[in-house]
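# What the coordinates show
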Amino acid sequence: MATTTTAPQQRGRGGRERILAAAAQLFAAQGINATGMEQVADQAPVSKRTLYAHFRTKNDLVLAHLANLASSGATLEGVLTREDIPPRERILRLFDQPAADAVPVRGCPFIDAAAEFPDPKSAVHSYAREQKLRMVELVTALVTELGCQEPAALAEQLVTLADGAASRAMVLDDADYGRYARAAAEVLLERALPGAD
């Protein structure tokens, strides 16, 4: 279904970027499996020929979309690599509210993608798993830097809280749901810091 705008729709250069932007918007709004390639082409706007020149299959588009999200820093995991924020605060920001314009609230796009591609051997599910494993590696490095006891176990607990909070925020459409998990994360961190009883 084509979108109606008052400005003329641009075609030509930048087709790949427009396709990825359209896919991101449609996947967030209606889900990956409910979005057809024709819808993406209309939304971009590009011809189907151009769409398939950039992405031979829908799986190729989905993988590129997820990789684009991962590299953008705009996902749940994005805050973990911000060197301008102290390690403890980076961890706690996993529980911050999503972007103010996220209506309705969406959970983690990697969990969402894995749910839509449930076969663990599928390329999309595998990519989502890699991102979730990367998340725990990043948190492990941060809690190690803080000097926390048993960093690997603590990191698993913290990412489980973060993923659970993101999923519940989406299901309940409650952007501030992460506050509950943040409180639990603060307790876990306090108990794991050097000098804790």
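Residues numbered from 1 in each chain as written. Predicted model: local features only at pLDDT ≥ 70, side-chain atom pairs only at ≥ 80, totals over all residues. Heavy atoms only, no water.

### Considerations on the packing of helix 4 (residues 58-72) against helix 7 (residues 123-145)
At a minimum axis separation of 10 Å, helix 4 and helix 7 run at an interaxial angle of 10 degrees. What the angle tells us is that helix 4 and helix 7 run roughly parallel. On the side of helix 4, the interface is formed by Asn-59, Val-62, Leu-63, Leu-66, Ala-67 and Ala-70, while helix 7 contributes Ala-123, Val-124, Tyr-127 and Gln-131. (Axes fitted to C-alpha atoms, helices over the stretch in contact; angles between N-to-C directions. Helix = DSSP H or I, 4+ residues; strand = E, 2+ residues; numbered from the N terminus. Parallel < 35°, antiparallel > 145°, perpendicular 65-115°, else oblique. Contact = heavy atoms within 4.5 Å.)

### A closer look at helix 6 (residues 109-116)
Considered for burial, the residues of helix 6 that qualify are Phe-110, Ala-113 and Ala-114. Taken end-on, helix 6 shows its buried residues confined to a sector of 100 degrees, consistent with a single buried face. Along its buried surface, helix 6 packs onto helix 4 and helix 7. (Buried < 20%, exposed > 50% of the residue type's maximum accessible area, 1.4 Å probe, protein only. Arc of directions from axis to C-beta.)

### Topic: the pattern of salt bridges
All chains considered together, the criterion is met by 11 salt bridges. In this structure, Asp-96 engages Arg-182 in a salt bridge whose closest nitrogen and oxygen atoms are separated by 3.3 Å. Taken together, the residues span a long stretch of sequence, with Asp-96 in the loop between helix 5 (87-92) and helix 6 and Arg-182 in helix 9 (residues 178-192) at a distance of 86 residues. Judged by its relative accessible area of 40%, Asp-96 is partly exposed. Residue classification places Arg-182 among the partly exposed positions, given a relative accessible area of 22%. Each of the salt bridges in this network shares a partner with another, and the network as a whole consists of Glu-89, Arg-93, Asp-96, Arg-182 and Glu-186. (Salt bridge = Lys/Arg side-chain N within 4 Å of Asp/Glu carboxyl O.)

### A few points about the environment of Tyr-177
Structurally, Tyr-177 is set in the loop between helix 8 (151-172) and helix 9. On the basis of relative accessible area, Tyr-177 is assigned to the buried category, the value being 16%. On a C-alpha basis, the gap between Tyr-177 and Asp-96 in space is 8.7 Å, while along the polypeptide they are 81 residues apart. Every residue in contact with Tyr-177, bar those within four places of it in the chain, is listed here: Ala-165, Arg-168, Ala-169 and Leu-172.

### Points about the packing of helix 8 against helix 9
The relative placement of two packed helices is expressed as an angle between their axes plus a distance between the axes. Close contact between helix 8 and helix 9 brings their axes to 9 Å; oriented N to C, the two are set at 170 degrees. It follows that helix 8 is roughly antiparallel to helix 9 by the angle criterion. Only Gly-178, Ala-181, Ala-184, Ala-185, Leu-188, Leu-189 and Ala-192 of helix 9 make contact with helix 8, whose side of the interface consists of Leu-154, Gln-157, Leu-158, Leu-161 and Ala-165. Of the residues that constitute the contact of helix 8 with helix 9, the class distribution is 10 nonpolar, 2 polar and no charged. (Nonpolar A, V, L, I, M, F, W, Y, C, P; charged D, E, K, R; others polar.)

### Observations regarding the packing of aromatic side chains
Taken as a whole, this structure holds 2 aromatic pairs when the rule is applied. With centroids separated by 6.5 Å and ring planes inclined at 55 degrees, the aromatic side chains of Phe-110 and Tyr-127 adopt a geometry described as tilted. In this pair, Phe-110 sits in helix 6 while Tyr-127 sits in helix 7, placing the two residues 17 residues apart along the sequence. Of the two residues examined, Phe-110 and Tyr-127, each falls in the buried class. (Phe/Tyr/Trp six-rings, centres within 6.5 Å; stacked < 30°, edge-to-face > 60°.)

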